[in-house]
Amino acid sequence: MSDTPTEWAIDVQNVKKTYRGGTKALRGVDLRVAKGEVFGLLGPNGSGKSTLVKIMMTVIRRSAGKGSVLGEPIAHKPTLRKIGYLPEHHRFPGYLKGKQVLEYVGGLQGMDRTTKKKRAAELLDAVKMTDWAKTPVKRYSKGMRQRLGIAQALINDPDLVMLDEPTDGVDPVGRRDIRDLCKRMVDEGRTVFLNSHLLSELEMVCSRVAIMVQGEVRSQGTINELVQGQERYEIVIAADPARAAEFLLSALPPGAERPEGAGRGTLPSGEWVEISGTTLKIGSTQPETIAPVLDNLRRGGVLIHTVRPMRPSLEDLFMQAVTDPTTGEALMPGAAGKKKKRTKAPRAGGDA
Ligand code: ADP
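Residues numbered from 1 in each chain as written. Predicted model: local features only at pLDDT ≥ 70, side-chain atom pairs only at ≥ 80, totals over all residues. Heavy atoms only, no water.

Student: Explain the site of the ligand here, please?
Tutor: Taken together, 12 residues lie around the ligand, and Gly46, Gly48, Lys49, Ser50 and Thr51 are the ones closest in. Here an oxygen atom of the ligand and a side-chain polar atom of Lys49 are 2.9 Å apart. In terms of residue count, the dominant contributor to the shell around the ligand is helix H1 (residues 49-56) (three residues). In terms of residue class, the shell around the ligand is built from four nonpolar, seven polar and one charged. (Near = heavy atom within 4 Å. Polar contact = N/O pair within 3.5 Å; in protein donor to acceptor, adjacent residues only side chain to side chain. Helix = DSSP H or I, 4+ residues; strand = E, 2+ residues; numbered from the N terminus. Nonpolar A, V, L, I, M, F, W, Y, C, P; charged D, E, K, R; others polar.)

Next up, the structure:
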């Protein structure tokens, strides 16, 4: 990827937003989205994701910073015509039928009658809603409304599609369909920008992600880049937890710097080691590194329960981003405010 501005679908620098009343929703956001990728912006509720999207869509104004969308400055009117937008919590009039919604949006885009009818039919088909074309929106489920919302975002054949929480309230089948649609959009040459707090969704579809916390981007890159240096092996032994540390320490090769408590030690070959209960974690993806440790365990008569290579999930990365390393507690969701109050980290396993 080069640094040429035309290669970026979105390039924002030091964007800030303070709402009336003093909420600092964005505190200097730098973000770049390459053309032709599915990019995921994730963060806890209130971290500023929608604010950023609204700034790019010129729904609200930024307080500071600069940026370009599709190579033109934010708010360049002709460029807005090349963007499709699914707002969060969108609502169509309940009395309109799905087909009418799309034709209405097509009309707003200046399409003639024949074109908008044709485009509406194509898009209803693409989002698997043809059978519901003549049903009023008020009878749609949440998932159907989201499908229709995605269809209306595509009416103008956009180069960039901004989807704010597209899978919100959608069942698993619907979510898979939406993922497939995103992939298809990229195959058609579009760039897709997704906003979501559903980490597993983003992990499955995005080529790159940014993690936003309290109005700042904490990290961005491919998931591979973000997990670099955090891949590891975990060796779990079947032993009395009270004596596990003793067994695991004695299996480390001579010359290793032994970990103390929950801290890290180092193998003679340089990799970090950590002991947690009956688990030994080794910061390596190479089987050669762990082989001597396994040999030592067996020689010492220790029963090995499992040996597994581990790669942090997007959820692990996310939890790291929202956790204060000194206290181990999660940062308050929402914009960074005057309050310094913190909450306990949410349980791993749930969507943040
Ligand atoms: P997210 O999309 O990540 O859930 P938002 O961008 O909606 O976050 O909100 C970021 C912060 O800005 C939150 O603290 C929210 O309460 C605040 N906020 C959002 N919209 C407004 C508004 N119109 N006026 C005042 N504060 C707002």
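Student: Is there a simple way to explain the environment of Met212 in this structure?
Tutor: Here Met212 lies in strand E9 (residues 208-213). Overall, the relative accessible area of 0% leaves Met212 in the buried class. If we ignore the near neighbours within four places in the chain, the residues touching Met212 are Leu26, Val29, Leu41, Leu42, Gly43, Pro44, Ser47, Gly48, Lys49 and Val217. (Buried < 20%, exposed > 50% of the residue type's maximum accessible area, 1.4 Å probe, protein only. Contact = heavy atoms within 4.5 Å.)

Student: Explain helix H3 (residues 98-108) here, please?
Tutor: An α-helical turn contains 3.6 residues, so a residue and the one three or four places further along point in the same direction. Here H3 has its buried residues at Gly98, Val101, Leu102, Glu103, Val105 and Gly106. Check the buried side of H3 and you find it contacts helix H4 (113-126) and helix H5 (142-153). Positive backbone phi, at 85°, marks Gly110, one or two positions downstream of H3.

Student: I tried to follow the layout of surface pockets on my own but got confused; where do I start?
Tutor: Gaps left between atoms show up when a probe the size of a water molecule is rolled over them. In this structure, the largest pocket occupies an estimated 440 Å³ of space. Lining the largest pocket are 17 residues, with Ile83, Tyr85, Val105, Gln109 and Gln152 sitting closest to its centre. Broken down by secondary-structure element, the contributors of at least two residues to the lining of the largest pocket are helix H2 (77-80), strand E6 (83-86), H3 and H5. In terms of residue count, the dominant contributor to the lining of the largest pocket is E6 (three residues). (1 Å grid on protein atoms, 1.4 Å probe; cavity = no way out; pocket = protein on both sides within 12 Å on 5 of 7 lines; lining within 4 Å. Points joined across faces, edges and corners; volume = space filled by probe spheres on them.)

Student: Sorry if this is basic, but what is going on with the side chain of Glu165 here?
Tutor: Along the polypeptide, Glu165 turns up in the loop between strand E7 (160-164) and helix H6 (172-187). This buried residue, Glu165, is left without a salt bridge; Lys49 holds the nearest opposite charge, at 4.4 Å. When neighbours within four sequence positions are excluded, Glu165 is seen to be in contact with Lys49, Glu88, Gln146, Asn195, Ser196 and His197. (Lys, Arg positive; Asp, Glu negative; His and termini not counted. Salt bridge = Lys/Arg side-chain N within 4 Å of Asp/Glu carboxyl O.)

Student: Looking at this structure, how should I read the pairing of strand E14 (residues 279-282)?
Tutor: Consecutive residues of a regular strand have side chains that alternate between opposite faces of the sheet. By the alternation rule, side chains of E14 split into Thr279 and Lys281 and Leu280 and Ile282, which are all buried. Where strand E11 (residues 232-237) lies against E14, four bridges are found, and the strand directions are antiparallel. For Tyr233, the partnering residue across the bridge sits in E14 and is Ile282. Strand direction decides the pairing type here: strand E13 (residues 272-276) and E14, joined by four bridges, are antiparallel. Bridge pairing links Ser276 to Thr279 in E14. (Pairing = 2+ DSSP bridges.)

The analysis is restricted to geometry; functional conclusions fall outside its scope.
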